[in-house]
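Residues per chain are reported as follows:
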Amino acid sequence: MIIVDILWKLFPQYLFGGGSGTDSLSESILQMIPSAMASPKILCDAGESDLCRDDSAAFVLKFVAIASIFLSGAAGVAIPLVGKNRRFLQTEGNLFVSAKAFAAGVILATGFVHMLAGGTEALTNACLPEFPWSKFPFPGFFAMVAALITLLVDFMGTQYYERRQERSDDAAAPSEASAVVGVESGREEASVVVPVVVERVSDGNNKVFGEEEGGGMHIVGIRAHAAHHRHSHSNGLGTCDGHAHGHGHAHGHQDVGNGARHVVVSQILELGIVSHSIIIGLSLGVSQSPCTIRPLIAALSFHQFFEGFALGGCISQAQFKNKSATVMACFFALTTPVGIGIGTAVASSFNSHSPGALIAEGILDSLSAGILVYMALVDLIAADFLSKRMSCNMRLQVVSYVMLFLGAGLMSALAIWA
């Protein structure tokens, strides 16, 4: 790269002249080589050097950034939580699914285009020692490790919540029950009490057969038992009609599993979002260049709004209590502004080109990229796009795919400025 820079600078002089031929060209080369060799060292020691640097203007812009990013994040995470009781914003509605697809595209592009690229830039910086940072592709390795750890936590968390829910259901279930079966013959009616011994169904569900969500019991008889098996088997036909018929009697275990998944997904997604929100907040806070901060305000506000929307949707689907949902929403909305505040406090003594800062930034960016990519692909995109509901609604498929690519494309385009 040094040789290329020297040749690029010497090309106009060679083309247009401006000296005494070969002697002037040789003298220019001798002057440029030391400065080119020393430039990385100067950059590493000096920290940020920007012609656009203006400490007072940057300080004012940081307050604007804190307000803008906080309001954007708070609005994004609040819309699904506040609107879950509104018909057009319910988590089961097509509008919510389409908006969530857009947000998933934003998160995916954030992981691939912004966080992984930032980690690669930091860990391949010339200010770092050649060994070991230039001998191994650490950014991709850290991203892969983060994705695998997220998979493990995702699996173990889901198993834990499912077992806890099943234990609570078992504790509420009665050991024996009796049902009243009305027998009608012609115009005469008679009521017979039939004792029913409770048996477990063989589909792996820990609920007793016929048990309602609130602990009540269906009226159990031969016809009801036959209807149960008929509906249960129809659910496996793989058709939209079969799913609709089978949903009435065979969704108990699926609801428990979905509830546990939503709880785990919302918590892991918040962990991944918060980890990189701190980093981008610090990066903005330590900058003293208005030319850098201005585009970051717009990019991060856009980014925080749709990340907050995806997180709010997951929290809403997990059906947390109002207090827990509010704490999670506030924690997300405040993370980036707090990072900006911390970065502003240490900006005067912080050297973004020091080896310690570069290593920390690169590792955290790469880990965040792995978490966000996993969550976007597995728990947001695959969970919705491979669902029965999506496959049964062609219009929803088209709109969701358009929104997914649009979100990913717009967030990727923001990398031009931020």
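Structural notes, computed from the coordinates. Remember, it's a predicted structure, so these values are computed and weren't measured experimentally.

**Side note on the overall build of the chain**
For the chain, the helix and strand inventory stands at 14 helices and two strands. Counting across all 418 residues of the chain, residues that qualify as buried make up 39%. By sequence separation, contacts in the chain at least 24 residues apart represent 78% of the contacts at least 6 residues apart. Total accessible area on the chain is roughly 23400 Å²; 65% of this is exposed by carbon and sulfur atoms.

**Re the side chain of Glu-307**
In this fold, Glu-307 is placed in helix 10 (residues 290-318). No salt bridge is formed by the buried Glu-307; its nearest oppositely charged neighbour, Lys-100, is found at 15 Å. Not counting the four nearest positions on each side in its chain, Glu-307 is found in contact with Ile-107, Thr-110, Ile-273, His-276, Phe-332 and Leu-372.

**Examining the packing of aromatic side chains**
Per the stated rule, a full pass over the model turns up 14 aromatic pairs. Taken together, a centroid distance of 5.0 Å and an interplanar angle of 85° make the contact between Phe-305 and Phe-306 edge-to-face. Relative accessible area serves as the criterion here: at 23%, Phe-305 is assigned to the partly exposed category. The class for Phe-306 is buried, based on a relative accessible area of 18%. Clustering of aromatic rings is evident, with ring pairs tying together Trp-133, Phe-136, Phe-138, Phe-141 and Phe-142.

**Observations regarding the state of the cysteines**
A full pass over the atoms with the stated rule returns one disulfide. In this model, Cys-52 is linked to Cys-291 through a disulfide, with the two sulfur atoms separated by 1.9 Å. Because the sign of the S-S torsion sets the handedness, a value of about 70° for the bond joining Cys-52 and Cys-291 places this disulfide among the right-handed ones. With a gap of 239 residues between them, Cys-52 in the loop between helix 2 (22-46) and helix 3 (55-82) and Cys-291 in helix 10 connect regions that are remote in the sequence.

**Remarks on the environment of Gly-285**
By the element assignment, Gly-285 lies in helix 9 (residues 252-286). Contact partners of Gly-285, with chain neighbours within four places excluded, come to Lys-62, Ile-340, Gly-343, Thr-344 and Ala-347.

**What to know about the nonpolar core**
If you look at the biggest cluster of nonpolar residues, it comprises 62 residues, and the most contacted ones within it are Ile-107, Leu-269, Leu-284, Ile-315, Phe-320 and Met-375. Listed by contribution, the elements that provide at least two residues to this core are helix 3, helix 4 (94-123), helix 6 (138-172), helix 9, helix 10, helix 11 (322-346), helix 12 (355-385) and helix 14 (394-413). A per-element tally of this core places helix 10 first, with 12 residues. Sequence-distant contacts of Phe-320, defined by excluding residues within four places in its chain, comprise Val-263, Ser-266, Gln-267, Ile-315, Ala-325 and Met-328. Grouped together as the second largest cluster of nonpolar side chains are nine residues, Cys-44, Cys-127, Phe-142 and Leu-358 included.

**Considerations on a nonpolar patch on the surface**
A surface patch of nonpolar side chains, about 590 Å² in accessible area, is lined by Phe-70, Leu-71, Leu-334, Val-338, Ile-342, Val-346 and Phe-350. Secondary structure elements with two or more residues in the nonpolar patch: helix 3 and helix 11. In terms of residues, the nonpolar patch owes the most to one element, helix 11, which gives four residues. As for its placement among the helices and strands, Phe-350 is situated in the loop between helix 11 and helix 12.

**A look at helix 14**
With 20 residues, helix 14 extends 29 Å from end C-alpha to end C-alpha; this agrees with the ideal 28 Å at 1.5 Å per step. Two or three places before Arg-395, at the start of helix 14, stands the capping residue Asn-393, its side-chain oxygen 3.3 Å from that residue's backbone nitrogen.

**Looking at the side chain of Asp-154**
Tracing the backbone through its elements, the reader meets Asp-154 in helix 6. Those residues in contact with Asp-154, other than ones at most four positions away along the chain, are Arg-261, Val-264, Ile-268, Tyr-374 and Asp-379.

**Considering the packing of helix 4 against helix 12**
For the pair helix 4 and helix 12, interaxial distance at closest approach is 7 Å and the crossing angle is 155°. Our classification of the angle between helix 4 and helix 12 gives roughly antiparallel. Where helix 4 crosses over helix 12, the two elements pack in a sense that is left-handed. Tallied by class, the residues present in the contact of helix 4 with helix 12 amount to 20 nonpolar, seven polar and four charged.

How each quantity is defined
Residues numbered from 1 in each chain as written. Predicted model: local features only at pLDDT ≥ 70, side-chain atom pairs only at ≥ 80, totals over all residues. Heavy atoms only, no water. Helix = DSSP H or I, 4+ residues; strand = E, 2+ residues; numbered from the N terminus. Buried < 20%, exposed > 50% of the residue type's maximum accessible area, 1.4 Å probe, protein only. Contact = heavy atoms within 4.5 Å. Areas by Shrake-Rupley, 256 points an atom, 1.4 Å probe, with all protein chains shown as cover. Lys, Arg positive; Asp, Glu negative; His and termini not counted. Salt bridge = Lys/Arg side-chain N within 4 Å of Asp/Glu carboxyl O. Phe/Tyr/Trp six-rings, centres within 6.5 Å; stacked < 30°, edge-to-face > 60°. Disulfide = S-S within 2.5 Å. Core = buried A, V, L, I, M, F, W, Y, C linked by side-chain atoms within 4.5 Å. Patch = residues over 30% accessible without salt bridge, like charges linked within 9 Å, V, L, I, M, F, W, Y side chains within 5 Å. Expected span 1.5 Å × (residues − 1). Polar contact = N/O pair within 3.5 Å; in protein donor to acceptor, adjacent residues only side chain to side chain. Axes fitted to C-alpha atoms, helices over the stretch in contact; angles between N-to-C directions. Parallel < 35°, antiparallel > 145°, perpendicular 65-115°, else oblique. Left-handed = near helix turned anticlockwise from the far one by under 90°. Nonpolar A, V, L, I, M, F, W, Y, C, P; charged D, E, K, R; others polar.

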